[in-house]
Amino acid sequence: MTPRQLFKHSDMCVKWQKREISNFDYLMFLNTVAGRTFNDLSQYPVFPWILTNYTSDTLDLSVASNFRDLSKPIGALSEARRKFFNDRYTNWEDPEIPAFHYGTHYSTPAFTLNWLFRVEPFSSMFINLHDGKFDHPDRITHSIKDSWDRCQRDSHDVKELIPEMFYLPEMFRNSSKFNLGKRADGTMVDEVVLPPWAESPEHFVLLHRQALESDLVSCQLNQWIDLIFGYKQRGAEAVRATNVFYHLTYEGTVSVKMADTPGQKEAIEQQIISYGQTPSQLLAEAHPPRHSIMSMAPTMFRRHEDDLCMMMKYISNSPVVYLAANTFHQLPNPTVVGVAQNLVFSLNKWDNSYSYGASQRSALSMDPSNAEGQVSLPLTADPQLATAASATPIARRHLGDSFDQRLTVQCSNFVTTTDSKYIFACGYPDYSFRIVDTDTEEGAKEEDDEEEEVDVAMMGAVFCMSTARCVRAAGLTTSQKQLERCALQEISTKEDGANFEKIPSGVQGFAVAQHLE
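Residues numbered from 1 in each chain as written. Predicted model: local features only at pLDDT ≥ 70, side-chain atom pairs only at ≥ 80, totals over all residues. Heavy atoms only, no water.

## Brief notes about the overall build of the chain
Tallying secondary structure elements over the chain gives 14 helices and twelve strands in all. Evaluated residue by residue, the chain yields a buried proportion of 46% over its 517 residues. Here the analysis covers contacts within the chain between residues at least 6 apart in sequence; of these, 67% occur between residues at least 24 apart. In the form shown here, the chain has an accessible surface area of approximately 26600 Å², with 52% of it arising from carbon and sulfur atoms. (Helix = DSSP H or I, 4+ residues; strand = E, 2+ residues; numbered from the N terminus. Buried < 20%, exposed > 50% of the residue type's maximum accessible area, 1.4 Å probe, protein only. Contact = heavy atoms within 4.5 Å. Areas by Shrake-Rupley, 256 points an atom, 1.4 Å probe, with all protein chains shown as cover.)

## Side note on the pattern of salt bridges
Per the counting criterion, the structure on display carries 17 salt bridges. Salt-bridge contacts for Asp-404 lead to Arg-406; the nearest nitrogen and oxygen are separated by 2.7 Å. Of the residues examined, Asp-404 reaches a relative accessible area of 7% and is grouped as buried. Put simply, Asp-401, Asp-430 and Arg-434 are held in one network by salt bridges that share partners. (Salt bridge = Lys/Arg side-chain N within 4 Å of Asp/Glu carboxyl O.)

## Side note on the side chain of Glu-164
Structurally, Glu-164 is set in the loop between α7 (144-153) and α8 (201-212). Summary of buried charges: Glu-164 has no salt-bridge partner, and the nearest side chain of opposite charge, Arg-209, is 11 Å away. Aside from chain neighbours lying at most four places away, what touches Glu-164 is Phe-38, Tyr-44, Leu-116 and Met-171. (Lys, Arg positive; Asp, Glu negative; His and termini not counted.)

## Some remarks on the sheet that holds strand β3 (residues 345-350)
In space, the four strands of this open sheet follow the order β1-β2-β3-β4, with antiparallel pairing throughout. Among the strands making up the open sheet, the edge pair consists of β1 (320-326) and β4 (379-380). Where strand β2 (residues 335-340) meets β3, five bridges bridge the pair, whose relative direction is antiparallel. Within β3, the residue paired with Thr-335 across the bridge is Lys-349. (Pairing = 2+ DSSP bridges.)

## Quick notes on unusual backbone geometry
That bond from Glu-120 to Pro-121 is cis: its omega, 5°, falls within 30 degrees of zero. Along the chain, Pro-121 falls in the loop between α5 (109-116) and α6 (122-129).

## Side note on helix α12 (residues 262-274)
Here α12 spans 18 Å end to end across 13 residues, near enough to the 18 Å set by a 1.5 Å rise per residue. The first or second residue beyond α12 is Gly-276, which carries a positive phi of 95°. (Expected span 1.5 Å × (residues − 1).)

## Side note on the packing of α5 against α6
The N-to-C vectors of α5 and α6 enclose an angle of 130°; their axes lie 9 Å apart at closest approach. The pairing of α5 with α6 is recorded here as oblique in orientation. Note that α5 runs across α6; the crossing there is left-handed. Contacts between α5 and α6 involve Ala-110, Leu-113, Asn-114 and Leu-116 from the first element and Phe-122, Met-125, Phe-126 and Leu-129 from the second. Classifying every residue of the contact of α5 with α6 gives seven nonpolar, one polar and no charged. (Axes fitted to C-alpha atoms, helices over the stretch in contact; angles between N-to-C directions. Parallel < 35°, antiparallel > 145°, perpendicular 65-115°, else oblique. Left-handed = near helix turned anticlockwise from the far one by under 90°. Nonpolar A, V, L, I, M, F, W, Y, C, P; charged D, E, K, R; others polar.)

## Points about α7
Taken residue by residue, α7 has Ile-144, Asp-146, Ser-147, Trp-148, Arg-150 and Cys-151 as its buried positions. Buried positions along α7 lie against α4 (79-90), α5 and α8. The backbone nitrogen of Asp-146 has a side-chain oxygen 2.9 Å away, supplied by the residue at the start of α7, namely Ser-143. (Polar contact = N/O pair within 3.5 Å; in protein donor to acceptor, adjacent residues only side chain to side chain.)

## Remarks on the nonpolar core
For soluble globular proteins, nonpolar side chains are generally found buried alongside one another. Tyr-26 and Met-165 are the most contacted members of the largest nonpolar core, which totals 78 residues. Within the residue set of this core, elements represented by two or more residues are α2 (12-17), α3 (23-33), α5, α6, α7, α8 and α10 (221-228). A per-element tally of this core places α3 first, with seven residues. Filtering out sequence-adjacent residues up to four positions away, Tyr-26 remains in contact with Phe-7, Met-12, Cys-13, Trp-16, Ile-21, Ile-225 and His-287. Counting residues in hydrophobic clusters, the runner-up holds 16 residues, among them Ala-324, Phe-345, Val-409 and Ala-425. (Core = buried A, V, L, I, M, F, W, Y, C linked by side-chain atoms within 4.5 Å.)

## Things to note about the packing of aromatic side chains
Tallied over the entire structure, the rule returns 28 aromatic pairs. Taking the centre distance of 5.2 Å and the plane angle of 45° together, the rings of Phe-24 and Phe-47 count as tilted. Of the two residues, Phe-24 is situated in helix α3 and Phe-47 in the loop between α3 and α4; the sequence distance between them amounts to 23 residues. A single burial state applies to Phe-24 and to Phe-47, both of which are buried. In textbook terms, an aromatic cluster arises when at least three aromatic residues are bridged by ring pairs, as seen for Trp-49, Tyr-54, Trp-115, Trp-148, Phe-172, Trp-197 and Phe-204. Over the ring of Phe-111 we find Lys-159, and its NZ or CZ is 5.5 Å from the ring centre. (Phe/Tyr/Trp six-rings, centres within 6.5 Å; stacked < 30°, edge-to-face > 60°. Lys NZ or Arg CZ within 6 Å of the ring centre and 35° of its normal.)

## Topic: the confidence of the model for the chain
Across the chain, the average pLDDT comes to 79, with 74% of residues at 70 or higher. The secondary structure element of the chain with the lowest average pLDDT is strand β10 (residues 485-487), at 32, and the one with the highest is α3, at 97. For the stretch residues 359-373, pLDDT sits under 50, and the model shows 16 contacts to residues farther than four places along the chain or on other chains. (pLDDT = per-residue confidence, 0-100.)

## Topic: empty space enclosed by the protein
Inspection of every chain in the model, using the stated rule, returns two cavities of 30 Å³ or more. Counted as a void, the largest cavity has a volume near 60 Å³. If you go around the largest cavity, you meet 14 residues; those closest to its centre are Pro-73, Ile-74, Tyr-106, Glu-160 and Asn-243. Looking at the lining of the largest cavity residue by residue, the classes come out as nine nonpolar, two polar and three charged. Taken as a whole, the second largest cavity holds about 30 Å³ of empty space. Contributing to the lining of the second largest cavity are Val-46, Tyr-106, Ser-107, Phe-111, Thr-112, Trp-115, Glu-160, Leu-161 and Ile-162. Residue composition of the lining of the second largest cavity, by class: six nonpolar, two polar and one charged. (1 Å grid on protein atoms, 1.4 Å probe; cavity = no way out; pocket = protein on both sides within 12 Å on 5 of 7 lines; lining within 4 Å. Points joined across faces, edges and corners; volume = space filled by probe spheres on them.)

In structure tokens, the structure reads:
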């Protein structure tokens, strides 16, 4: 299939219109379909300049004047430059070379390496491009503002951006401490000078990405797509849009097979490799705009009956803070474990044979005598809770003592085994974590069959737990418990894997303990 056919048969355009995918993801899709790739500097993915404000101390993404007009090429943003390039096109007289607005391109290997030369392997590639040395300090990327100003001033600089500008802060740092020389004004070239509103490279990337995903970009990004990938890329529409490049940059215009002599072949190959290539044209008509967030909001926050297969609520008014879907097909009793903020837990049976869309879900009758109301559901509510009173939780479904009042009950306070037989809870005021048998709501059994909770005292309140591999159903015994301490700076998140043998727990600023089965 051709790039245009691939685009036509894809649903990515519709997803982007409906705001199901981001602007970044959609631009990457367009670049990929149009033949752009990270593996070829002459056909590197191209992204647009989106901001114009690189001087203010703060950046307000709700102010339209901070954004570029994406309906115009980078070379025609100002009326003076637009007139200059239009005059060049109108007055062109060479009978062998078709008229063009721009003799250079918005994406070339030199431009790409000029952005990325501070990180390998692009450093070595950049040095190789310039015969074993870095380019002149006045020509290499020194500051974002300077690069933007050049694109608005120099007739030979109409470069756009690359994807890394929206996710790779390392490209702005001179981590390798390269000696990049001194500019004509005496300024040493080192790390990229960022706009005043960016506190660090990470902060710049964050704000730059937020700007890319903003509504002010979303509402006009389709017009930039028309220029680069669409109907304004070639022909009369490209002329009207001041968007015509040198003819050898367009797909299908020239082939090395057309060369009559080795010299001509070399010249064509050098043109293709070094001076930029225009992406494959994906559309012959205007690209549809993205739906407004105002028009999308009612559907974004409305319940979709086709997507919602069921809804379950606890009998209490306490919110659910933890869910564990132990639904592997190998388990004899696949279960969804839920824990509410009031420490009530539930063991809800999961039906692995459930098929989405196999039954009507728009109306459920709760009358058991109504045969038509019996609808297949993926989850069966815990019978212990289904018949309980909301004011009096069942003891067998409660985790016992209250948590430390200084802590907020959250998902990182709980871990379950894969078979849902045990819940590990932390956050108790006695600086322990506890292992609760979900079948009896008792502590895990010792070897002498005396039922008691397995408590491990720490040097502070245990507030986080994580698991690695599956505890076997035999349970934990005193002789099997071992402690291994190691240094810990801070534990603040929980990682719950499908299996575990070690249960790490820790106290911020103290130690981590690995409790082995």
